[in-house]
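Architecture and fold: a report
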Amino acid sequence: MAANKDSTLRTFTVIGILCLVCSFMVCIAVVTLQPLQAKQIQNDRERSILEAAGIGINGDISKTYAENIEARLVNLANGKYVPNDKAAVIAGKDKNGMALIDGYNFVSAARLPDSSVAIETDKDTAKIRNRAKYMPVYLVKNTVSGGYKSVILPFYGQGLWGTMYGYLAVAGDGNTVMGVKYYSHNETPGLGGEIENPKFTQKWIGKKLYDASDAPAFAVVKNASGDHQVDALSGATLTSNGVTNSVKFWTDSMGYGPYLQRIKKGGIK
Ligand SMILES: Cc1cc2nc3c(=O)[nH]c(=O)nc-3n(C[C@H](O)[C@H](O)[C@H](O)COP(=O)(O)O)c2cc1C
């Protein structure tokens, strides 16, 4: 007797086989695409850092990045670089034993008790609650005369709709802004989303982060004037305030304050 093609068992067997085949294909896609995704994330990070540094990319991003940028890990508590062997323990190491500082995930580190510190509410202007003990910083090499031109500091804080992530470039005086790049945020396009717009970010260049008594003084405000202020985004006062508060936190004592003080005294090295 011929098997019943419409039997329940047959239907479930076909569904089961189909599920197995599909999940196998999804697994293959995930595994094979992983290196491509990792490379894409790395490219995006390198492109943003180079943009904050004001360095044009010509040709290969990673090559331009390697020629111009040196990543170090900073202990924010004292503003000192973490020695490379300790950085390799904190950030992980590549197959040659070199510390993987470039990809150090300071956002994940800020969520784990061992690798983070809690921020007292009155100091938490960026509204991030915890921050990583160590942050990567990106030294911009002076490819002509040696030494470093500036340093790129990752920073983040609350905007109107979510956390805004950026890179701030600071000159060797530890005070002058050389550039800024916001690379991730949830602000409204055309309003708060204008933090990405070069017309806005160009205005940061040359502004000072600290006043004469070394207190954080940079601000994004309406009718900006003087050395420390940038004009607020129109129709986006709340985002503008978020930017001011983020920069204030990261340039103060709980952020890069000790590191920037060290640079101010001894330059970038
Ligand atoms: C749909 C919608 C999206 C908005 N997005 C933003 C935003 O991304 N950033 C922001 O500061 N204000 C945003 N606002 C406006 C704020 O609610 C608020 O009115 C504004 O920040 C005040 O800024 P102003 O004093 O420059 O007008 C948005 C308003 C609406 C209705």
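Reference entry: report on the structure contained in this document. These numbers come from a predicted model, not from an experiment.

Rules used throughout
Residues numbered from 1 in each chain as written. Predicted model: local features only at pLDDT ≥ 70, side-chain atom pairs only at ≥ 80, totals over all residues. Heavy atoms only, no water. Near = heavy atom within 4 Å. Polar contact = N/O pair within 3.5 Å; in protein donor to acceptor, adjacent residues only side chain to side chain. Areas by Shrake-Rupley, 256 points an atom, 1.4 Å probe, with all protein chains shown as cover. Nonpolar A, V, L, I, M, F, W, Y, C, P; charged D, E, K, R; others polar. Buried < 20%, exposed > 50% of the residue type's maximum accessible area, 1.4 Å probe, protein only. Helix = DSSP H or I, 4+ residues; strand = E, 2+ residues; numbered from the N terminus. Arc of directions from axis to C-beta. Contact = heavy atoms within 4.5 Å. Pairing = 2+ DSSP bridges. Axes fitted to C-alpha atoms, helices over the stretch in contact; angles between N-to-C directions. Parallel < 35°, antiparallel > 145°, perpendicular 65-115°, else oblique. Left-handed = near helix turned anticlockwise from the far one by under 90°.

1. Observations concerning the site of the ligand
Every residue close to the ligand is listed here: Leu160, Trp161, Glu187, Thr188, Leu191, Gly192, Lys222, Gly235, Ala236, Thr237, Leu238 and Thr239. Within the backbone of Gly235, an N or O atom sits 3.1 Å from an oxygen atom of the ligand. Here an oxygen atom of the ligand and a backbone polar atom of Ala236 are 3.3 Å apart. With the chains in place, 55% of the 620 Å² that the ligand exposes on its own is no longer accessible. In the shell around the ligand, the residues fall into five nonpolar, five polar and two charged.

2. Remarks on helix H2 (residues 61-68)
Side chains three or four residues apart in an α-helix point the same way, a direct result of the helix having 3.6 residues per turn. Along H2, the residues classified as buried are Ile61, Ser62, Thr64, Tyr65 and Asn68. Summarising the axial view, the buried residues of H2 lie within an arc of 160°, below the 170-degree limit, and thus occupy one face. Summarising the contacts, the buried residues of H2 are in contact with helix H1 (8-53), strand E1 (69-75) and strand E5 (134-141). The N-cap of H2, judged by a side-chain oxygen 3.0 Å from the amide nitrogen of Lys63 a few residues on, is Asp60.

3. Digging into the environment of Tyr167
Residue position: Tyr167 is located in strand E7 (residues 163-171). Accessibility expressed as a relative area gives 3% for Tyr167, which makes it buried. Residues Tyr167 and Leu153 lie 14 residues apart in sequence; the distance between their C-alpha atoms is 5.4 Å.

4. Quick look at the sheet that holds E5
Sheets are built from strands paired through backbone hydrogen bonds, the pairs being either parallel or antiparallel. What the six strands build is an open sheet, ordered E2-E1-E5-E6-E7-E8; its pairing is antiparallel. Whereas interior strands pair on both sides, the edge strands pair on one side only; in this sheet they are strand E2 (80-81) and strand E8 (177-184). With seven bridges connecting them, E1 and E5 associate as antiparallel partners. Looking at E5, one finds that Arg72 is bridged to Val137. Packing against the sheet, H1 makes contact with E1, E5, strand E6 (148-158), E7 and E8, and its axis sits at approximately 150° to E8. Strand contacts of helix H6 (residues 237-251): E5, E6, E7 and E8, with the helix running at about 125° to E6, the strand carrying the most contacts.

5. Brief notes about the packing of H1 against H2
The N-to-C vectors of H1 and H2 enclose an angle of 50°; their axes lie 10 Å apart at closest approach. What the angle tells us is that H1 and H2 run oblique. As for how H1 packs across H2, the hand of that crossing is left-handed. The residues of H2 that touch H1, namely those facing Lys39, Gln42, Asn43, Glu46, Arg47, Ile49 and Leu50, are Ile61, Ser62, Thr64, Tyr65 and Asn68.

6. Side note on the pairing of E1
Most of E1 sits inside the fold, with six of its seven residues counted as buried. The pairing of E1 with E2 spans two bridges and is antiparallel. Each residue of the ladder has a partner; that of Asn75, found in E2, is Lys80. Counted along the chain from E1 to the antiparallel partner E2, the turn is four residues long, and its residue Gly79 has a positive phi close to 75°.

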